[in-house]
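Notes for the structure review
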Amino acid sequence: MDDLELRLDLPGNLPQLFADASVERTLPVALPAGDVVWPDPGYPQHQFVRRPAFWVSDEPVDGELWARLRAEHGTSGLWPLLLDESDQPWAAGQVAPEPVSDIANYAPGAFMHEVWADWAEQAPEADIEDLAPFGLHCPGPADPGRPLDDPDALADRHARVLARRGLSLGLAAVDRGADALTAMGWQGALNHNEWTAPLSAVVRSWEDRFAARVVGLGFNTLELSVAAPPMTTRHALHVAAEHWAFCPDILFQGPGTLAGYAEEIRGKTWWSFWWD
């Protein structure tokens, strides 16, 4: 059967996810039962968004479906995510979307320096030593990595592994995976940063420099595939500093030192973050 015969307009209420629902989008992939999720009107960010935040399936899905939807992102405009509902059901709508256009207002390097400076003002001496060799001095963003694999193929493989946990499927109307954090109103890093747009700006930068792909989200977790990870100890230390500014808990509730964490991510094609 010709591909054109297989192409369908977006089913159900998926067009509601887009600011301009009149633009033609197609999705030649059958979806499981699910529905769009409206944001909680109690959040102050609610004033910025007048449409559903995302779509979520009623039941867990397999990684093959994620891979097919990822491949169709260019025609559907929908980025797939594997959503962990073990701590907080996504369908409850406890999300606070922000305008995706705000992401461009943030420079990842400036965000990193701001986090570092705020921490340096009140850092105990022991914590300063934990961030050796940088200590109080923010090194700024690291150089790009060299690809080890095709970024999309790697993301598909990681999705197949992650889906074994029994995760729901989410769909966000965004141009790239990094923007899904902001468009969906994810609140996982709320205790670290009140707004999500600057975090999306950082992840955008990782997409560009390390061929990262956003694969999964939990209540306070983020799962990325990384096709161009740091391979040397020196490079890994620099990338580890970025990770710390993005998510301090991975260090202070993990190996305890930047050097220890750098060894964990050196050559690793999967970055996992969690916030308290």
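Here, the structure is the one placed above.
Residues numbered from 1 in each chain as written. Predicted model: local features only at pLDDT ≥ 70, side-chain atom pairs only at ≥ 80, totals over all residues. Heavy atoms only, no water.

**Description of the pattern of salt bridges**
A complete count under the given rule lists 11 salt bridges for this structure. Between Glu64 and Arg160 there is a salt bridge, with the nearest N and O atoms lying 2.6 Å from each other. Of this pair, Glu64 sits in helix 2 (residues 63-71) while Arg160 is found in helix 6 (residues 151-162), placing the two residues 96 residues apart along the sequence. Residue classification places Glu64 among the partly exposed residues on the basis of a relative accessible area of 42%. It is possible to trace a salt-bridge network through shared partners that takes in Arg70, Asp152, Asp156 and Arg213. (Salt bridge = Lys/Arg side-chain N within 4 Å of Asp/Glu carboxyl O. Helix = DSSP H or I, 4+ residues; strand = E, 2+ residues; numbered from the N terminus. Buried < 20%, exposed > 50% of the residue type's maximum accessible area, 1.4 Å probe, protein only.)

**As for the pairing of strand 2 (residues 54-60)**
As judged from the four bridges shared by strand 1 (residues 34-37) and strand 2, these two strands associate in the antiparallel manner. By the bridge assignment, Val37 is partnered in strand 2 with Phe54. Here strand 2 runs beside strand 4 (residues 168-173); their pairing, made up of three bridges, is antiparallel. If you follow Trp55 over to strand 4, its bridge partner there is Leu171. (Pairing = 2+ DSSP bridges.)

**So, the pairing of strand 3 (residues 78-83)**
Of all six residues in strand 3, six are buried; the element is thus mostly enclosed. Because side chains alternate across strand 3, one face comprises the buried residues Leu78, Pro80 and Leu82, and the other comprises Trp79, Leu81 and Leu83, equally buried. Note: strand 3 against strand 4, six bridges, orientation antiparallel. From the neighbouring strand, Leu78 faces strand 4, where its bridge partner is Ala173.

**Some remarks on the sheet that holds strand 3**
What the seven strands build is an open sheet, ordered 1-2-4-3-5-6-7; its pairing is mixed. The open sheet terminates on both sides in strands that have one partner only, identified here as strand 1 and strand 7 (270-274). Here the strands of the sheet are splayed against their neighbours by 30° on average, with no regard to which way each runs. Most of the contacts of helix 2 go to strand 3, to which it runs at about 160°, and overall it touches strand 3, strand 4 and strand 5 (212-217). (Axes fitted to C-alpha atoms, helices over the stretch in contact; angles between N-to-C directions. Contact = heavy atoms within 4.5 Å.)

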